[in-house]
Amino acid sequence: MTDSTTPLKIDTDRTTMYVNGAWRPSHGQDRMHEINPATEEVIGFTPDGDAEDIDAAVQAARAALREWAGLTPVQRSAFLVAMADRLDQRADQAARLVTSENGVPLATSAAMVESASGVLRYYASLAETFPFEEARGTTVVRQEPIGVAGLILPWNGPLNLAYMKIAPALLAGCTTVLKPAPETSLSTAFIADAAEAAALPAGVINIVTGGREAGAALVTHAGVDKIAFTGSTAAGRAIAAQCGQAMKPGTFELGGKSASILLDDADLDVFLAQIIDVSLAGSGQSCKLSTRILVASDRYDEVCDALRNTLSPLVVGDPFDPATDFGPLAIERQRDRVEQYIRSGLEQGAKLLMGGGRPTHLPKGYYVEPTVFVGVENWMRIAQEEIFGPVLAVIPFDSDDDAVTLANDSAYGLGGAVYTTDTERGTNIARRVQTGTIGINGYRIDPLAPFGGYKQSGLGRELGPEGLAAYLQNKSIYHAVP
Ligand code: NAD
């Protein structure tokens, strides 16, 4: 066990996987490297796990299942709290590693780590109140753990997105095999560290690093009873098809192209104060962001001017510098993708209000300037497809009905916001937008409430009691009345 008062020693030249409560040599001989996207320097290596690595982890998770599922929810919740305590002690160090891995500004990675421990504590708090077993007439309805959960993660929020899955899975009584994204595998050491500090029974959390091969082996393993995936819609669709073949339940948090709707009576200062959080956090690399800005047409020019005035002075640069607002994109191929979308916007006739290139003062790092397109029509690719970068499309509308039609003219439905000084009008519009979550005069993910998508944004929900239910299955025990 490691001491909480000294920093965790991170093995950046890793040849091991966290399986059955210990770091064990990987079966696969190949390794992946991680790159700091701000400096383009290699920061470490992790094993590229193969099907045998996945099998060893699944066996460990299966072996741990009976004991773990046999504990009461209250007993399990104590482990969640102990893990949160440890993560809090390591928060600064964990945030720094996440920033080195994916380039989000340090304040953002710190908020992500804080939300990770908040989610652990939230689920621990449900242990006393969630109806794991209730009588309905003469039938007892039980909620039983699904079994071994395979958790597949993206690179944009390695710890917070992991704990959105781990916390409800563990409280439910499931055991887990985690497959992080290749780009952000080093930081999973903080999950193993928290498990050890909490004296979590061996095999309840296992971590296999690797790419698609390892992910696919996890999805198709007969010993895995449920998959929870966050990532692209394309990968989610492929995984969901495999889950369907095996009749395996899945939770899928996929892409988004959400809309912020500024009504004619909106308070522009309220909108602008939240523009980074709601539309550009992590340089746009978050599925929930409102990257389409729908504006009442009589305020279009005013909003465009205000956007330019607000965003132009913001700082793009070193994510460790507290003055920085926008770090680099996490991966070189992600920058390529974003630049392709910027080109497609221009080719399809949209105009740049600002940005569109690489910042000239940053010769190293995968940086893209905050970019705002005007003259956008909703059929254009930059309005329809998830860019996952700091690129906004500003689109005018003529009436509330028109705004709803535009917001709903999307394959996705994950987040969104309505800005207005008339809350009732805003709420009525929110009711009509086809999306899993939406805010009035702002937007944030609330751990107490379900988060997830309509349409191509996913299946199932995380967070809230609904996120716990996603790791449980119902059993009705009927008692015959003599
Ligand atoms: P991806 O969906 O390909 O990868 C996400 C995770 O799934 C990784 O751990 C990966 O190894 C694994 N994976 C991929 N294909 C798999 C398969 N067939 N079976 C099992 N596991 C598989 O994402 P990416 O290629 O890293 O990013 C591409 C795009 O995805 C981005 O440009 C962005 O639009 C989107 N994205 C969305 C989110 C989100 O939070 N919804 C997060 C990251 C990326």
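Since we're looking at a predicted model, the values are computed, not measured.

Asker: I keep staring at the overall build of the protein and nothing clicks. Help me out?
Answerer: Each helix and strand counted, the protein has 16 helices and 22 strands in total. Its C-alpha atoms give the protein a radius of gyration of 23 Å, near enough to 23 Å, the size a compact globule of 482 residues would have. With respect to the principal axes defined by its C-alpha atoms, the protein has extents near 70 × 65 × 40 Å. For the protein, buried positions account for 57% of its 482 residues. For the protein, restricting intrachain contacts to residue pairs at least 6 apart in sequence, the fraction spanning at least 24 positions comes to 74%. As presented, the protein carries roughly 19,100 Å² of accessible surface, and 52% of it is formed by carbon and sulfur atoms.

Asker: Is there a simple way to explain the pattern of salt bridges in this structure?
Answerer: Note on pairing: side chains with opposite charge can pair once their charged atoms come close. For the structure shown, the criterion picks out 20 salt bridges. For glutamate 339, the salt bridge identified is with arginine 358, shortest N-O distance 2.7 Å. With a gap of 19 residues between them, glutamate 339 in helix H12 (residues 332-347) and arginine 358 in the loop between strand E14 (351-354) and strand E15 (371-374) connect regions that are remote in the sequence. Residue classification places glutamate 339 among the buried positions, given a relative accessible area of 17%. Of the charged contacts in the structure, one is a salt bridge between aspartate 401 and arginine 432, with a shortest N-O distance of 3.0 Å. A residue pair is termed long-range when its members are at least 10 positions apart, and aspartate 401 in helix H14 (residues 400-408) and arginine 432 in helix H15 (residues 423-432) qualify at 31 residues. Note on aspartate 401: relative accessible area 46%, which makes it partly exposed. Residues joined by salt bridges that share partners form a network here, namely Glu133, Arg142, Glu144 and Lys475.

Asker: Teacher, can you tell me more about the sheet that holds strand E22 (residues 472-478) here?
Answerer: Two orientations exist for strands paired in a sheet by backbone hydrogen bonds: parallel and antiparallel. Read across the open sheet, the three strands follow the order E5-E6-E22; overall the sheet is antiparallel. Sheet topology places strand E5 (133-136) and E22 at the edges, where each strand pairs with a single neighbour. Adjacent strand axes in the sheet meet at a mean angle of 25° when their direction is disregarded. Bridge count between E5 and strand E6 (residues 139-145): four bridges; the pairing is antiparallel. Bridge assignment links glutamate 133 to a residue of E6, and that residue is arginine 142.

Asker: Help me understand the UniProt feature "domain: Aldehyde dehydrogenase" (unreviewed entry) in the protein, please; the structure alone is not making it clear to me.
Answerer: Feature annotation in UniProt places "domain: Aldehyde dehydrogenase" (unreviewed entry) on residues 23-477, given in this structure's numbering. Along residues 23-477, the helical share is 41% and the strand share 20%, with 41 Å between the first and last C-alpha atoms.

Thresholds, definitions, all that
Residues numbered from 1 in each chain as written. Predicted model: local features only at pLDDT ≥ 70, side-chain atom pairs only at ≥ 80, totals over all residues. Heavy atoms only, no water. Helix = DSSP H or I, 4+ residues; strand = E, 2+ residues; numbered from the N terminus. Rg over C-alpha atoms; globule rule 2.2 N^0.38 Å. Buried < 20%, exposed > 50% of the residue type's maximum accessible area, 1.4 Å probe, protein only. Contact = heavy atoms within 4.5 Å. Areas by Shrake-Rupley, 256 points an atom, 1.4 Å probe, with all protein chains shown as cover. Salt bridge = Lys/Arg side-chain N within 4 Å of Asp/Glu carboxyl O. Pairing = 2+ DSSP bridges. Axes fitted to C-alpha atoms, helices over the stretch in contact; angles between N-to-C directions. UniProt positions renumbered as here; feature names shortened; annotations may be inferred.

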